[in-house]
Amino acid sequence: MFDSLYQDFSETADPSLGAPRLKALRGKLRAQKLDGFLVPRADAHQNEYVAPCEERLAWLTGFTGSAGFAIALRDKAALFVDGRYTIQAREQVDAEAFAVVPLDRTPPAEWLAQNAKKKARIGYDPWLHTPAQAARYEAAAQRAGAELVAVEANPIDALWRDRPAPPCGAVALHPLKNAGEKADKKLARIREAFSADAFLISDPHDLAWAFNLRGADLGHTPIALGFALVFQTGKPKLFLAADKLNARAGATLGALADLAAPEDLPQALAELGGKKRKIQFDSGTAAAALTQIARAAGAEVELAPSPIAAMKAQKNAAELDGARAAHLRDGVALTKFLCWFDAEAPKGKLTEISAALALENFRRETGALKDLSFPTISAFGPHAALPHYRVTEKSDARIGKGVYLVDSGAQYLDGTTDVTRTVTVGAPSKAFVDAYTRVLKGHIAIARAVFPHGTVGAQLDALARLPLWRAGLDFDHGVGHGVGSYLSVHEGPARISKMGNVALEPGMILSNEPGFYREGAFGIRIENLVAVEPRKIAGGERDMLGFETLTLAPIDLRPVDVKMLDAEEKAWLNAFHARVRKTLSPRLSAQERGWLKAATHSV
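Going by an unreviewed UniProt entry, the protein carries the name Xaa-Pro aminopeptidase and comes from Rhodoblastus acidophilus.

Caption draft 1: Summary view of the overall build of the protein. What the protein contains, in helices and strands, is 19 helices and 28 strands. The globule rule puts the C-alpha radius of gyration for 603 residues at 25 Å, and the 25 Å found for the protein is close to it. The principal-axis extent of the C-alpha atoms belonging to the protein is close to 70 × 55 × 50 Å. For the protein, the proportion of its 603 residues judged to be buried stands at 58%. In the protein, the proportion of contacts linking residues at least 24 apart, taken out of those at least 6 apart, comes to 71%. Summed over all atoms, the accessible surface of the protein reaches about 24400 Å², with 52% contributed by carbon and sulfur. Across the protein, the mean location of the 74 positive side-chain charges is 2 Å away from that of the 70 negative side-chain charges.

Caption draft 2: A look at the domain arrangement of the protein. On domain assignment, one finds that the protein holds domain 1 (15-159), domain 2 (172-312) and domain 3 (314-599). Facing nine residues of domain 1, the contacting portion of domain 3 comprises ten residues. Between domain 1 and domain 3 the total buried area reaches about 860 Å² when both faces are included, carbon and sulfur atoms providing 56% of it. By the criterion of area lost to domain 3, the three top residues of domain 1 are Tyr49, Arg84 and Ile87, representing 54% of everything that side buries. Along the contact surface separating domain 1 from domain 3 lie one salt bridge. Measuring nitrogen to oxygen at the nearest pair gives 3.1 Å for the salt bridge that ties Arg90 to Glu519. In this structure, the connection of domain 1 to domain 3 is made through three residue pairs in polar contact (both at pLDDT 80 or more).

Caption draft 3: A look at unusual backbone geometry. In the segment running from Gly492 into Pro493, the intervening peptide bond is cis, with an omega of 0°. Inspection of the secondary structure puts Pro493 in strand 23 (residues 491-496). Phi at His220 is positive, roughly 75°, even though this residue is not glycine. Along the chain, His220 falls in the loop between strand 9 (213-214) and strand 10 (227-231). The residue Lys276 is not glycine, and still its phi comes out positive at about 60°. With respect to the helices and strands, the residue Lys276 is situated in the loop between helix 11 (265-274) and strand 13 (278-282). For Lys276, a relative accessible area of 61% gives the class exposed.

Caption draft 4: Broad picture of the side chain of Ser511. With respect to the helices and strands, the residue Ser511 is situated in strand 24 (residues 509-512). Here the side chain of Ser511 touches Glu513 through a polar contact of 2.8 Å, side chain to side chain.

Caption draft 5: Seen up close, the nonpolar core. Counting 70 residues, the largest nonpolar core has Phe337, Phe341, Ile399, Tyr404, Leu510 and Phe547 as the members making the most contacts within it. Tallying contributions element by element places helix 14 (residues 317-344) first for this core, with nine residues. Each residue touching Tyr404, except ones within four places of it in the same chain, is listed here: Phe337, Phe341, Ala355, Ala356, Ser378, Ala379, Phe380, Ile399, Arg421, Thr422 and Val423. With 32 residues, the next largest nonpolar core counts Leu187, Ala196, Leu225 and Val230 among its residues.

Caption draft 6: Summary view of the packing of helix 16 (residues 430-447) against helix 17 (residues 457-469). Their axes nearest at 7 Å, the elements helix 16 and helix 17 cross at an angle of 155°. Judged by the inter-axis angle, helix 16 sits roughly antiparallel to helix 17. Crossing geometry of helix 16 relative to helix 17 is assigned as right-handed. Along the contact surface, helix 16 presents Ala435, Arg438, Val439, Lys441, Gly442, Ala445 and Ile446, while helix 17 presents Leu460, Leu463, Ala464, Pro467 and Leu468. Residue composition of the contact of helix 16 with helix 17, grouped by class: nine nonpolar, one polar and two charged.

Caption draft 7: Expanded view of empty space enclosed by the protein. Overall, the coordinates contain four cavities of 30 Å³ or more when judged by the stated rule. Within this model, the largest cavity holds a volume of roughly 50 Å³. The biggest single contributor to the lining of the largest cavity is helix 14, with four residues. Along the lines of polarity and charge, the residues of the lining of the largest cavity split into four nonpolar, four polar and two charged.

Caption draft 8: Fine view of the side chain of Asp330. Within the secondary structure layout, Asp330 lies in helix 14. Residue class for Asp330 comes out buried when judged on its relative accessible area of 3%. Beyond its immediate stretch of four places on either side in the chain, Asp330 contacts Arg363, Ala410, Tyr412, Thr417 and Val419.

Caption draft 9: A look at the sheet that holds strand 3 (residues 77-81). Strand order in this open sheet of six strands is 4-3-2-1-5-6, and the pairing throughout is mixed. For this open sheet the edge positions go to strand 4 (99-102) and strand 6 (147-150), each flanked by a neighbour on one side alone. Direction aside, neighbouring strands of the sheet carry axes that sit 25° apart on average. Strand direction decides the pairing type here: strand 5 (residues 121-124) and strand 6, joined by four bridges, are parallel. Paired with Gly123 across the two strands is Val149, which belongs to strand 6. Along the sheet, helix 4 (residues 108-115) contacts strand 1 (36-40), strand 2 (69-73), strand 3 and strand 5; its crossing angle with strand 2, the most-contacted strand, is approximately 10°.

Caption draft 10: Geometry of the layout of surface pockets. Taken as a whole, the second largest pocket spans an internal volume of roughly 720 Å³. Taken together, 27 residues make up the lining of the second largest pocket; nearest its centre are Ala44, His45, Glu54, Pro166 and Pro262. Its residues placed into classes, the lining of the second largest pocket shows 17 nonpolar, two polar and eight charged. When residues are assigned to domains, the lining of the second largest pocket turns out to be shared by domain 1 (15-159) and domain 2 (172-312), each giving three or more.

What counts and what doesn't
- Residues numbered from 1 in each chain as written.
- Predicted model: local features only at pLDDT ≥ 70, side-chain atom pairs only at ≥ 80, totals over all residues.
- Heavy atoms only, no water.
- Helix = DSSP H or I, 4+ residues; strand = E, 2+ residues; numbered from the N terminus.
- Rg over C-alpha atoms; globule rule 2.2 N^0.38 Å.
- Buried < 20%, exposed > 50% of the residue type's maximum accessible area, 1.4 Å probe, protein only.
- Contact = heavy atoms within 4.5 Å.
- Areas by Shrake-Rupley, 256 points an atom, 1.4 Å probe, with all protein chains shown as cover.
- Lys, Arg positive; Asp, Glu negative; His and termini not counted.
- Charge placed at Lys NZ, Arg CZ, Asp CG, Glu CD.
- Domains from an automatic or database assignment.
- Buried area = accessible area lost by both parts, 1.4 Å probe.
- Salt bridge = Lys/Arg side-chain N within 4 Å of Asp/Glu carboxyl O.
- Polar contact = N/O pair within 3.5 Å; in protein donor to acceptor, adjacent residues only side chain to side chain.
- Core = buried A, V, L, I, M, F, W, Y, C linked by side-chain atoms within 4.5 Å.
- Axes fitted to C-alpha atoms, helices over the stretch in contact; angles between N-to-C directions.
- Parallel < 35°, antiparallel > 145°, perpendicular 65-115°, else oblique.
- Left-handed = near helix turned anticlockwise from the far one by under 90°.
- Nonpolar A, V, L, I, M, F, W, Y, C, P; charged D, E, K, R; others polar.
- 1 Å grid on protein atoms, 1.4 Å probe; cavity = no way out; pocket = protein on both sides within 12 Å on 5 of 7 lines; lining within 4 Å.
- Points joined across faces, edges and corners; volume = space filled by probe spheres on them.
- Pairing = 2+ DSSP bridges.

Next up, the structure:
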């Protein structure tokens, strides 16, 4: 039997708790003379994944997705989710207590403007909202004749009696051979990128990259929660809990920066304000509370995107080499799993959990696995139609004839992986074959794309959708997101989506993951990671870019309608599989090599 070190399949959502907790919150709000409260899924750093002690949205509503927002008023409440989570929200949330509202149809600020009553006082926690977010809700409240009020203490924290303690994971120094650049060189580049007297690093991913450190405060993402003030002259000030630092980490980081506790940050900002200094804050992650403290003390506050985000996104040679090594290692593990799954699934004894456990164990056998990069999406049949399905002991489905989707990833010291494969057990339906082949055509279109320097993700997004559009089909998530180097599996600023407005640059690693989902029936997603690279075009007049596919694992060919592929698509698929076969075969057993040869036959 397989076990797990990095996944928990317990059921945490309980819709029955939503109504009494909402009632308790309303009582707390009345005591504070508030008529409503904003509840984002956020922490003081705007992290995508948050510590258990920050899961206020899940505690209140029961919704456990990675993105959501709630507004509780005296007479009504709503939970806002995007297209990935509409079905999950309906299953996890008491609809009598919270109306589930599609985010793309009615944004929370618009709902607030339509539903808040005149003279109402709407509370919000300024540590959980950026200044721009706070301004948006303030404007919405004003449209309704209401007032937005910052609270000193989050009322949910007072009600949440068994709230977990804040994390205190150990900080580790990231080896130079993996980082590819010394921290002092990075800090010098950061100073050149801002003109204020000081820049506050509020994104822990930026902090990890800038100081060549990694942490253990959150599951799946190796970051340490903290801050840093980088000055134009002198040593930076690094705000990390002392309990996270061993002697070596403390000495190394202490040579780079003055060390202080995170709770000392407000005072440090106030002191800069008292000297009338200009402070640049990261507009995407800095809490409104921090800018309010600095401004109240007399500082000039500048809000701008973090200059570190673009630096971090463009991987250097060492990071790209590490990514290739990580994907080779991960490809072997995934291919071993797919071979094993192909033999075991027809027996009818596998479940979604047992398959997820098996894949984790194949990765652990590499001896290099640090963590999973996110909880494995192990989804059979109708569950595959939920793009961010999380299997639990309650939902665990037995895998039989049908469609199985597995979206998974790993954290290795040299790189982060993210890969999705959709495989069939038994003969697939005609409708599935058509949709699967269209998704594959979209995937190949992105993989083969060649584009001029300066192209943004939104300009590429449609390439992956065109085969689906021609059949009147589409999907509700982006085509691709950025990926870090032993950091977050979801990294900005670039992405391939309708909202991707950042130019793709050499060295960026992104996902290529078109999909299609038929509610109640099946889901399809084919995902590889790709690295942006320069492309030479004979006779070309522009600097051109393309993608190097990093992921090495077979794509299921059984549901492919070869007649729907053109010659160039067939050539790409055959070349990809030939590379997978050549690269992985020496690292597989004889039985696995035989399976891979059959699975990667020419089309």
